[in-house]
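Here's the letter readout for the chains.
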Amino acid sequence: MGKNKSNNVKTSSPLRRLWQHDNTPILIVLVAILVAVIIIELAVKGTANFVTPRNLSNVLLQVSVTGIFALSMTMVMISGGIDLSIGWMMSFLGTGFAYLIRFSGMAEGIVVLIVVAAAIGFQLLMGFIISRTKLEPFIISLGFMSIYRGFTYLITNGREITIKGQFEFLGSEIVKFGESLAKQNQFSLRVPIILFVLLIFIVWLLIKYTKFGRRVYAVGGNENAAYLAGINVKNFKLLIYGINGLFIAIASMTLLSRLGTGSPIMGAGKEIDVIAAVVVGGTALSGGKGNIWGTVIGVILLGILSNALNILGVSPHFQYIMKGLLIIGAVLIGYYSSLRTVKKSKKKD
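Residues numbered from 1 in each chain as written. Predicted model: local features only at pLDDT ≥ 70, side-chain atom pairs only at ≥ 80, totals over all residues. Heavy atoms only, no water.

So what about the packing of helix H4 (residues 86-104) against helix H6 (residues 137-156)? Which residues, and what values?
Viewed as axis vectors pointing N to C, H4 and H6 meet at an angle of 25 degrees, and their least axial separation amounts to 8 Å. Taken together, the axes of H4 and H6 lie roughly parallel to each other. In the packing of H4 onto H6, the handedness of the crossing is left-handed. Of H6, the residues touching H4 (which contributes Trp-88, Met-89, Ser-91, Phe-92, Thr-95, Gly-96 and Tyr-99) are Met-145, Tyr-148, Arg-149, Phe-151, Thr-152, Tyr-153, Ile-155 and Thr-156. (Axes fitted to C-alpha atoms, helices over the stretch in contact; angles between N-to-C directions. Helix = DSSP H or I, 4+ residues; strand = E, 2+ residues; numbered from the N terminus. Parallel < 35°, antiparallel > 145°, perpendicular 65-115°, else oblique. Left-handed = near helix turned anticlockwise from the far one by under 90°. Contact = heavy atoms within 4.5 Å.)

This is the structure:
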């Protein structure tokens, strides 16, 4: 009898662990939204265009740039920081890249190195100020956001810079599945999607299985304890912002390559989408909590929501309301989840 009981506990424990996993609530929301969208589209239009291979590939393409941003923002936020400047930094880097490609006569490889160096350099400067002072990252990054906005308009004078026919690799199509089928049944695999997936696994392995990953959580959870454990907190924060700069450069060049145009507003508001995806994915604004797969689910969830509302013909203004409600809901879920965890730990004690 005792053996049966222990076997039951063993067989039920994986399901229990799955149910109690941090990503389970947001995964349930994602599935619920998918089902709801399909049902609504079938009821209204009589077809389910949302789940066609063509549309799914479009969703993945649309979320890939936001996802690249979100991966590094997850590290920044877990470590206790935040960066509101990423949207206008994208505009600055994208238009700067386009300007150099079109007017300087430099080789594409040289321009790539300049843009990557500029992104890392600016982020290190911001990280230096944040790590060496007690000033809030929110305020410092807000100041840098204004600086990037000014640089962007100085470069472009408010106009778009076109580079059609140049630097197209990062936005190009690798393979198309089902070319003989109707358009809606074709799945297009592009470089941004592959790059996003590759970076997901790199960052996940880095956070999950390395000393660097453990330090990210330690610094975000308790800076004083991390310092006493032998971590150089100031330099570590500086390193994280430098990595963030690299990811911003990759995302900016990817979007520019796909669009073929450097627009002054190409990154405007992007910080809201990125932070929303990270927070919806379960990363705490206070730091010390979060994971890469939660962020990936958050990115896909917001992408699916936006795409579905467009397909259903919902006003873009209403989409902002939906996104805001989703963020608030995610924060509330995280709050009550943390309260439940605290209560359980108290009961055990």
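An account of unusual backbone geometry is needed here, citing residue identities and associated values.
Within the chain, Asn-157 stands out as a residue other than glycine whose phi angle is a positive 55 degrees. The exposure class of Asn-157 is exposed, given its relative accessible area of 59%. (Buried < 20%, exposed > 50% of the residue type's maximum accessible area, 1.4 Å probe, protein only.)

Pulling in residues and values, what's your account of the pattern of salt bridges?
According to the stated counting rule, one finds 1 salt bridge in the structure shown. Where Lys-237 meets Glu-223, a salt bridge forms, and the shortest distance between an N and an O atom there is 2.4 Å. One end of the pair, Lys-237, is in helix H10 (residues 233-259); the other, Glu-223, is in helix H9 (residues 223-228), and 14 residues separate them in sequence. Accessibility expressed as a relative area gives 34% for Glu-223, which makes it partly exposed. (Salt bridge = Lys/Arg side-chain N within 4 Å of Asp/Glu carboxyl O.)

For the nonpolar core, give the residues involved together with the corresponding values.
Core analysis: the biggest nonpolar cluster contains 87 residues, and Ile-68, Phe-69, Leu-71, Met-73 and Phe-97 have the highest contact counts within it. Discounting chain neighbours no more than four positions away, the residues touching Ile-68 are Leu-195, Phe-196, Leu-199, Phe-247, Ile-250, Ala-251 and Thr-254. (Core = buried A, V, L, I, M, F, W, Y, C linked by side-chain atoms within 4.5 Å.)

So, the packing of aromatic side chains: which residues are in play, and what are the values?
Taken as a whole, this structure holds 14 aromatic pairs when the rule is applied. Look at Phe-122 and Tyr-148: their rings are 5.6 Å apart centre to centre, the planes differ by 85 degrees, and that puts the pair in the edge-to-face class. With Phe-122 in helix H5 (residues 108-132) and Tyr-148 in helix H6, this pair connects stretches of sequence that are 26 residues apart. Taking the centre distance of 5.6 Å and the plane angle of 75 degrees together, the rings of Phe-201 and Trp-293 count as edge-to-face. (Phe/Tyr/Trp six-rings, centres within 6.5 Å; stacked < 30°, edge-to-face > 60°.)

Lay out helix H8 (residues 211-221) in plain terms, naming residues and giving numbers.
Taken residue by residue, H8 has Phe-212, Gly-213, Val-216, Val-219 and Gly-220 as its buried positions. Buried residues in H8, looked at end-on, bunch into an arc of 130 degrees, giving them a common side. Among the exposed residues of H8, those oriented more than 90 degrees off its buried face are Lys-211, Arg-214 and Gly-221. Those residues of H8 hidden inside the fold are in contact with helix H3 (53-78), helix H7 (191-209), H9 and H10. (Arc of directions from axis to C-beta.)

Lay out the environment of Val-63 in plain terms, naming residues and giving numbers.
Tracing the backbone through its elements, the reader meets Val-63 in helix H3. Residue class for Val-63 comes out buried when judged on its relative accessible area of 5%. Between the alpha carbons of Val-63 and Phe-196 there is a distance of 9.0 Å; along the sequence they are 133 residues apart. Ignoring any residue separated from it by four or fewer positions in sequence, one finds Val-63 in contact with Val-299 and Gly-303.

Residue-level account of a nonpolar patch on the surface, with values.
Together, Ile-328, Leu-332, Tyr-335, Tyr-336 and Leu-339 give the surface a local cluster of nonpolar side chains, amounting to about 510 Å² of exposed area. Looking at where Tyr-336 falls in the secondary structure, it is placed in helix H13 (residues 316-348). According to the relative accessible area criterion, Tyr-336 is exposed, its value standing at 53%. (Patch = residues over 30% accessible without salt bridge, like charges linked within 9 Å, V, L, I, M, F, W, Y side chains within 5 Å. Areas by Shrake-Rupley, 256 points an atom, 1.4 Å probe, with all protein chains shown as cover.)

Any details on the packing of H3 against H10? Residues and values, ideally.
Any two packed helices are characterised by how steeply their axes cross, that is the angle between the axes, and by the distance between the axes. As a packed pair, H3 and H10 sit with axes 8 Å apart at the nearest point and diverge in direction by 175 degrees. One element, H3, and the other, H10, form an angle in the roughly antiparallel class. Contact with H3, carried on its side by Leu-61, Val-65, Ile-68, Phe-69, Leu-71, Ser-72, Met-73, Met-75 and Val-76, involves Ile-240, Tyr-241, Ile-243, Asn-244, Phe-247, Ile-248, Ile-250, Ala-251, Ser-252, Thr-254, Leu-255 and Arg-258 of H10 and no other residues of that element.

Lay out the environment of Ile-163 with the relevant residues and their values.
Following the sequence through the fold, Ile-163 ends up in the loop between strand S1 (161-162) and strand S2 (173-177). Exposure remark for Ile-163: the relative accessible area of 1% places this residue in the buried category. The spatial distance from the C-alpha of Ile-163 to the C-alpha of Gly-260 is 5.4 Å, given a sequence separation of 97 residues.

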